[in-house]
Each structure stands twice: as structure tokens, then as C-alpha cells.
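Observations on the three-dimensional arrangement
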Number of protein chains: 2
Amino acid sequence: MEEVETPIPGADETRVRVRAAAFNRRDVFITQGLYPGIDLPRTLGSDGAGETEDGRAVVIDPMLEWGDDPRVWSPQASILGMPRDGTFAQYVVVPRDNVYAKPAHLTLEEAAALPLAGLTAYRAVVTRGDLRAGETILIPGIGGGVQTFALLFAKALGARAIVTSGSDVKLERARALGADVTINYGANPDWHKALKRGEVDIVVDSSGGDTLGKVLGVLRPGGRVVIYGGTRLDSTFRIFPLFWNHLDIRGTSMGSPADFRGMLDLVNLHEIHPAVDRVYAMDAVNDAIAQMAQSEQFGKIVLTIP
Amino acid sequence: MEEVETPIPGADETRVRVRAAAFNRRDVFITQGLYPGIDLPRTLGSDGAGETEDGRAVVIDPMLEWGDDPRVWSPQASILGMPRDGTFAQYVVVPRDNVYAKPAHLTLEEAAALPLAGLTAYRAVVTRGDLRAGETILIPGIGGGVQTFALLFAKALGARAIVTSGSDVKLERARALGADVTINYGANPDWHKALKRGEVDIVVDSSGGDTLGKVLGVLRPGGRVVIYGGTRLDSTFRIFPLFWNHLDIRGTSMGSPADFRGMLDLVNLHEIHPAVDRVYAMDAVNDAIAQMAQSEQFGKIVLTIP
């Protein structure tokens, strides 16, 4: 931690006094040098909630310059916290349009857990995934921020949710959030065979590797896989079910301003509370990063800013 | 060839006197035992044109019982020529709704080349691919029926078309049909590097293997790959461009009645002539199958029925 100048807002910008921030895998990748466009020194942090100068409690949309096309971000698009200074600080300056009223039912710590993962999950499940009430969603590897939001949003929308994990503790917590079916894949590389062929309408995944091939086999004809990231670099699958069953594989990253508003509307309407794994004080930030790197959390890791 | 009973139409069916039929890869796969649901003995043939009992010149939609969902075929769906007796015969009985007026500008031989490949290409390019005028389409491995129709339809719709082949002869023929850029991949495993990153809006492919990974790298953000088949069973690709560039991989097979009508409308409006590689007489049917198995043709192989 170090002292920096308090940032000055430019035209169409506003300064937020950050009260809570939250971690994303992106922050860890950046500290490991594994992210495009790293430019140091920089204050990290994409997620934040706090107060504006005029005293409104707000949450920040970390997607900057998405652009006018709802289907895809513009070439100018970037994410708060790299290359623009982020939320792991007492003050952050952001475009005025990126500041939204904090949902009234949430604490500032809970609100700080929403932005990046909630936006990504909302676009994956709703905008790209087109999930309908009564459909079945499969969420492999429950535990990360996006996956827990995908579960919360899918249940709010009236879907049936199947989750997998290598950890019974995480599966138990997923059940408490509404998961209908839980599968521990730890002991069983053929975990997908526990599912009936055609049982699943939509999969939301970021695992890559052989997961894609497995889930294509359990999707119903006309089903879809939405991929919002990939911790393993390559993916291999049999082509046949893709074309024979008219399946879609849809890539997504972050979300548009309309997605962010839609996400907040859903959270407000159903009074959804993010899954917060643990709250750290600012001076324990390195412990928080170390915990993130272990991937042992369930839901978001939050940082309070003094 | 053998004599069989002239088939009798049931309720809502009609009998067509077939004058010309055409081959599809499916027919070859069936003779090799490589197709789901083979049930012998059976008259093969999905593509046909001829006359109804009341003397109308018609072309047959080979997609049977697609169902009510435009997104995906019903569980009852099947394709003319297996398990239902097909068009390699003097008479075929089909549902009345599957018979359409032959485009006036086409001969019966040309009309017989349309149905399965034209339907598949139309759905891939238009319904699933959503190709717009001014966009760039990449068609790897030009030569097969679907690929040549994809080129013809894309050019009719005002797109720019890039095609690849291992054969300069096929590339020359593609150029004559309107291809704007031709790439011979034969000598060059890195053929995709001849394209600018982001130059391509849509890819229509059935090759599988490493083609998918290569084309994902040249698609613009928001672009899509439509896959209508796969001659190689597995496909491997890097996940990163998929989610970072918001790409779609969309599977498709055959098409709905609305797709068939849309295809005929496009063919009529632009007076499109199918690429016909060669016309065989019925008693040379085995020569035609042998030519199909070599994959040396450019466009459709047609059979005249005496």
C-alpha cells in the first residue's frame, strides 16, 4: 500500500469514495503477468461500491467504453483496474455513466461483490444464454464468482440448476443457494454420465479442456453452451452432436450497459444477495490475493477500504 | 437396379415421377454403413425433381417431419432416402407439403441438384449465419454441394467471399461463381495467416479438425462459425478468442420448411443456377457413387432417371 494523489475527475467523470471492493480472477492473472495490455504501475480492482461526492451510495460498472453494438464490445473497450486505475483505493474516478444506485437491500460489502462477476453471469445466462423459466442449466465447477451468480440468477428466473464441483463443501453451499442437483466430479471423470442425454438446455462454463465435449453430449437438441472464460487453454470436442443437435457454443466477456442495468434490475426485483466468501480489511490485501490464487473460495472475496 | 412395386400414396401424400436425382455425401456414408438408423433394403436418394400426377414440374424438400420449432428439428424428423424410400427410382411417394414448384429458370437436372445441399447451405448462411450484405464469408474446402451453394447464396446476398481448396482447378471454378479471394491450402498448413485478423464475419464449415481453431483467429469480434457437418470427428481450438471476441459456433443440419421456401425464393429471385459437376444416366449409378467417394467433384453429381 502506498499514498497516491487523490484523482481529479475530468469532463463526464465522477469520483467515488470507495468503501468496499472485491476480487476477480483477473486481478490474480494481472499480478502473475497473465493478462493482455498490462501497464504498470497501476491501482488494481474492477469491483467497487461507495459514495459519490453528493452522498449517494453507489456501485460501479467496471466495463468502460463498451460502445454502441449490444452484440460485442468496441475496439476502445477496457475494464476498470487495468489500464485505468481501479477500486483498490480510497478514491476512484470513473465515467459518470458507470455509476449506479446501490441496491437498497445490500450492504456496501455485498454491493461491491456484484459488478464484474454479476455482469458477466447476467450476460452469460440471460443475454447470451437466453435462459427460460422451467429450463435446466448446468453450471460446472461451482464456487467462483461468476458461477455462483449464474446459480442465483438461474434460480431467480425459475430454472432448474445442476452444479458440479470437486468439493462436497462447495456443493453443500450451492444447495443452500438453490441448486437442485449436485454432482461431485472429484472421484469420477465420467461425471457427465450421471445426467440423462438431452436433460440440459444450457451450460455456463469457463473450464475448457474436455468439459465442452462432455457437456455437448448431455445438451438437448437446440441447446447451448455459453463460455465466458477458460482456465485451460484448449478445448476438444466431437463435432457430431454440435451439428446433428443444432447446438450453439457462444462466447461472452463482461457485458454492455444494458446488461449491467438488467443485472441490477434482477438483483433488486428478487432481492438477491451475492455469495460472499470472506471479507478482508485493506491491510490484509495480500492474504486476500493468496486466497484467490488457491481457488478455495465459494463466491466473492471482498476488501473493505478504511 | 431392380424392379419394385410402384409406391401408393397414403393420406396427405403424393407420388412424383422422378426425372432427375442428385447425390449427397449422406448417400455414400450410408453405402459405407456410416450413418445412424440404417434399415435395409431401401431405395436411397434425398434429392429429386420430376412431375406430379397432374403434370406439375416439382422439386422435393427431403426434410420430413421437421416439426413446429424453427430452431431445431423434432424427434420424429427424418430425411428422404433413409429410412423412407428415396429418389433413386422412377417413382417416389412423399408428403404433399414436401413438393414445391420447380424454379422456372432451371432444368429438371439443375432442380434435382438443389434440395438437400441448397437447404443446408441456406440455413447455414442465412438462418443460422445471419449473413448481411457487405460482410465477408469464409468457405473452407470449396467443392462439395453445400459449399458451392454457400458461395452462390453469399454472392447473391451481396457478401464478399473467400474460399479455400487444395485444388487450383476448384479455386478457378469458384472464381467463376463469384469468389473474391481464393487460397490454395495444399502447400500451406498456415493458410489462415494469409487473412487479416478480424477480416472475416462468418465461416461456414464442415471440416472439423484444426480448421475451427484456425478460423476462430481470423473472425472479427462478434463473428460466427456455422458448422453443418464434420468429416473429421474431433475438433480442437483455443478457448481465448471465443470468449474474448464474443464469437459463436453454431451447429446446423438440414433446415425447416421455412428455410426450404426461403432457399427457393432466393434461387428464383436471383435466377441462381446450381453448380452441376456431371450428369450420369441411371445405369451408371455405381460410377456416380464411386466419383462421390473420391470427393473430386465441384458442385453436384446428378442422375437422370429414364
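A brief look at the structure comes next.

So, how was this worked out
- Residues numbered from 1 in each chain as written.
- Chains lettered and ligands numbered in written order.
- Predicted model: local features only at pLDDT ≥ 70, side-chain atom pairs only at ≥ 80, totals over all residues.
- Heavy atoms only, no water.
- Helix = DSSP H or I, 4+ residues; strand = E, 2+ residues; numbered from the N terminus.
- Phe/Tyr/Trp six-rings, centres within 6.5 Å; stacked < 30°, edge-to-face > 60°.
- Buried < 20%, exposed > 50% of the residue type's maximum accessible area, 1.4 Å probe, protein only.
- Lys NZ or Arg CZ within 6 Å of the ring centre and 35° of its normal.
- Pairing = 2+ DSSP bridges.
- Right-handed = clockwise from strand over helix to strand, strands pointing away.
- Contact = heavy atoms within 4.5 Å.
- Buried area = accessible area lost by both parts, 1.4 Å probe.
- Salt bridge = Lys/Arg side-chain N within 4 Å of Asp/Glu carboxyl O.
- Polar contact = N/O pair within 3.5 Å; in protein donor to acceptor, adjacent residues only side chain to side chain.
- Nonpolar A, V, L, I, M, F, W, Y, C, P; charged D, E, K, R; others polar.
- Least-squares fit on C-alpha atoms with pLDDT ≥ 70 in both.

Our next topic: the environment of Asp-283 of chain A. With respect to the element layout, Asp-283 of chain A can be found in the loop between strand S15 (276-281) and helix H9 (285-294). Each C-alpha atom of the pair Asp-283 of chain A and Ser-235 of chain A lies 39 Å from the other, and the pair is 48 residues apart in sequence.

It is worth spelling out the packing of aromatic side chains at this point. A complete count under the given rule lists 19 aromatic pairs over all chains for this structure. Here the aromatic rings of Phe-237 of chain A and Phe-237 of chain B are separated by 5.8 Å at their centres, their planes lie at 85°, and the arrangement is edge-to-face. You can see Phe-237 of chain A sitting in strand S13 (residues 234-238) and its partner Phe-237 of chain B sitting in strand S13 (residues 234-238), one on each of two chains. Accessibility assignment for this pair places Phe-237 of chain A and Phe-237 of chain B in one class, buried. Measuring from ring centre to ring centre gives 5.1 Å for Trp-244 of chain A and Trp-73 of chain B, while their planes differ by 70°; the resulting arrangement is edge-to-face. Taken together, the residues Trp-244 of chain A in helix H7 (residues 239-244) and Trp-73 of chain B in the loop between strand S4 (63-64) and strand S5 (78-79) connect one chain to another. Classification of Trp-73 of chain B as buried rests on a relative accessible area of 11%. Each member of the aromatic cluster is reached from another via a ring pair, and the members are Tyr-35, Trp-66 and Trp-73 of chain A together with Phe-240, Phe-243 and Trp-244 of chain B. Residue placement shows Arg-17 of chain A over the ring face of Tyr-91 of chain A; its charged tip is 5.7 Å from the ring centre.

A few words now on the pairing of strand S16 (residues 300-304) of chain B. Residues and elements named next belong to chain B. Taken across its five residues, S16 has four buried, putting it largely inside the fold. With three bridges connecting them, strand S1 (residues 13-22) and S16 associate as antiparallel partners. Within S16, the position partnered with Ala-20 by the bridge is Thr-304. Across five bridges, the pairing between strand S15 (residues 276-281) and S16 is parallel. Bridging across to S16, Val-276 finds its partner in Lys-300. Note that the unit made of S15, helix H9 (residues 285-294) and S16 has a crossover that is right-handed.

Moving on to the environment of Ile-249 of chain A. Along the chain, Ile-249 of chain A turns up in strand S14 (residues 248-251). Residue classification places Ile-249 of chain A among the buried positions, given a relative accessible area of 0%. Counting along the chain gives 58 residues from Ile-249 of chain A to Trp-191 of chain A, while the straight-line C-alpha distance between them is 21 Å. When neighbours within four sequence positions are excluded, Ile-249 of chain A is seen to be in contact with Leu-212, Leu-216, Val-225, Ile-227, Phe-237 and Leu-242 of chain A together with Leu-242, Leu-247, Asp-248 and Ile-249 of chain B.

Excluding glycine, most residues fall at negative phi; most peptide bonds, likewise, are trans. Pro-41 of chain A follows Leu-40 of chain A through a cis peptide bond whose omega is -5°. Relative to the elements of secondary structure, Pro-41 of chain A occurs in the loop between helix H1 (25-31) and strand S2 (47-52). Backbone geometry places His-246 of chain A, a non-glycine residue, at a positive phi of 55°. Mapped onto the fold, His-246 of chain A is located in the loop between H7 and S14. We classify His-246 of chain A as buried; its relative accessible area is 2%. Not every positive phi belongs to a glycine, and Asp-130 of chain B is a case in point at roughly 55°. Looking at where Asp-130 of chain B falls in the secondary structure, it is placed in the loop between helix H3 (115-128) and strand S8 (136-139).

With that settled, the discussion passes to the interface of chain B and chain A. Listed per partner, the contact involves 38 residues of chain B and 38 residues of chain A. Each partner contributes to the roughly 3100 Å² buried at the junction of chain B and chain A, and carbon and sulfur atoms together form 60% of this total. Connecting chain B to chain A are two salt bridges. For the interface between chain B and chain A, the tally reads 15 residue pairs in polar contact (both at pLDDT 80 or more). When grouped by side-chain class, the residues that make up the side of chain B that touches chain A number 18 nonpolar, 11 polar and nine charged.

So, on to the relation of the copies chain B and chain A. Between the two copies of the chain lies a relationship made up of a rotation around an axis and a movement along it. Of the transformation placing chain B onto chain A, the axial shift is 0.0 Å and the rotation is 180°, giving an RMSD of 0.0 Å. Seen this way, the second copy is the image of the first under a two-fold rotation axis. For chain B, the minimum C-alpha distance to the rotation axis belongs to Thr-236 of chain B and amounts to 2.1 Å.

The full count for this structure, using the stated rule, is 42 salt bridges over all chains. In this structure, the salt-bridge partner of Arg-160 of chain A is Glu-199 of chain A, at a minimum N-O distance of 2.8 Å. Taken as a pair, Arg-160 of chain A in strand S9 (residues 160-165) and Glu-199 of chain A in the loop between strand S10 (181-184) and strand S11 (200-205) lie far apart in primary sequence, 39 residues in all. For the salt bridge of Glu-135 of chain B with Arg-220 of chain B, the shortest nitrogen-to-oxygen distance reads 3.3 Å. Placement of Glu-135 of chain B in the loop between H3 and S8 and of Arg-220 of chain B in strand S12 (residues 219-227) is noted, with a sequence separation of 85 residues between them. Among the residues examined, Arg-220 of chain B registers a relative accessible area of 15% and is labelled buried. The network of salt bridges with common partners includes Glu-135, Asp-201, Arg-220 and Arg-224 of chain A.

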